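Structural characterization, general
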Amino acid sequence: MASTLKFVCALFLLCLIEKDASCETNDVANSLDLVRPRIFVIFRYCQCKPGQFTIAQAKTGGYVSGKPEYSVTISNKCPCTQLDLTLSCHGFQSAKLVSELTKTGSTCLVNNGQPIYPQSTFTFTYSWDAAFPFKPLSSAVACS
């Protein structure tokens, strides 16, 4: 029992060091720390960053109002569910309604903040003259 407790304490300390050294933090992650045992949240949270979303785009072959349609696929490469994904979308325009994005200023909330599960994808389409360079800005991490 004592060796198990020592192992858990060592793991906890390593996670604290890792969190301070290389993990991005945000208010949502900090609030999760209060609800769940810190050791699990910090350990899993250190594995996830907004950069772990990949965004791929391709022309669908369709046109809307004379503008080519693009399909955007967002992939969550993190081992945890991520929600409230925001993308940089300063200057984004579309010839068709994109209900999957909520634009506020220069950011877009994806799918009303709904979860994107580990190793899964989320897809939407838009139409404009050229592909738009979406970039992930932030997300909330939810590990179980």
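Residues numbered from 1 in each chain as written. Predicted model: local features only at pLDDT ≥ 70, side-chain atom pairs only at ≥ 80, totals over all residues. Heavy atoms only, no water.

With that settled, the discussion passes to the overall build of the protein chain. If you tally the helices and strands in the protein chain, you get three helices and seven strands. Counting from the amino terminus, the protein chain carries its helices and strands in the arrangement α-α-α-β-β-β-β-β-β-β. Here the protein chain holds 144 residues, and 33% of them are scored as buried. Counting only contacts in the protein chain whose residues sit at least 6 apart along the sequence, the fraction spanning at least 24 positions is 68%. (Helix = DSSP H or I, 4+ residues; strand = E, 2+ residues; numbered from the N terminus. Buried < 20%, exposed > 50% of the residue type's maximum accessible area, 1.4 Å probe, protein only. Contact = heavy atoms within 4.5 Å.)

The strand order across the open sheet built from three strands is S1-S2-S6, with neighbouring strands paired in antiparallel fashion. Both outer strands of the open sheet, strand S1 (53-64) and strand S6 (121-127), are each paired with one neighbouring strand and no more. Neighbour-to-neighbour, the strand axes of the sheet open up by a mean angle of 20 degrees, direction not taken into account. Alignment of strand S2 (residues 67-76) against S6, held across seven bridges, turns out to be antiparallel. Considered in S6, the bridge of isoleucine 74 is made with phenylalanine 122. (Pairing = 2+ DSSP bridges. Axes fitted to C-alpha atoms, helices over the stretch in contact; angles between N-to-C directions.)

One pass over the structure, following the stated rule, counts two salt bridges. Between aspartate 129 and lysine 67 there is a salt bridge; the shortest N-O distance is 3.0 Å. One end of the pair, aspartate 129, is in the loop between S6 and strand S7 (135-142); the other, lysine 67, is in strand S2, with 62 residues separating them in the sequence. Between lysine 96 and glutamate 69 there is a salt bridge; the shortest N-O distance is 2.9 Å. Linking lysine 96 in the loop between strand S3 (81-88) and strand S4 (101-104) with glutamate 69 in strand S2, this pair joins segments that are 27 residues apart in sequence. Note on glutamate 69: relative accessible area 16%, which makes it buried. (Salt bridge = Lys/Arg side-chain N within 4 Å of Asp/Glu carboxyl O.)

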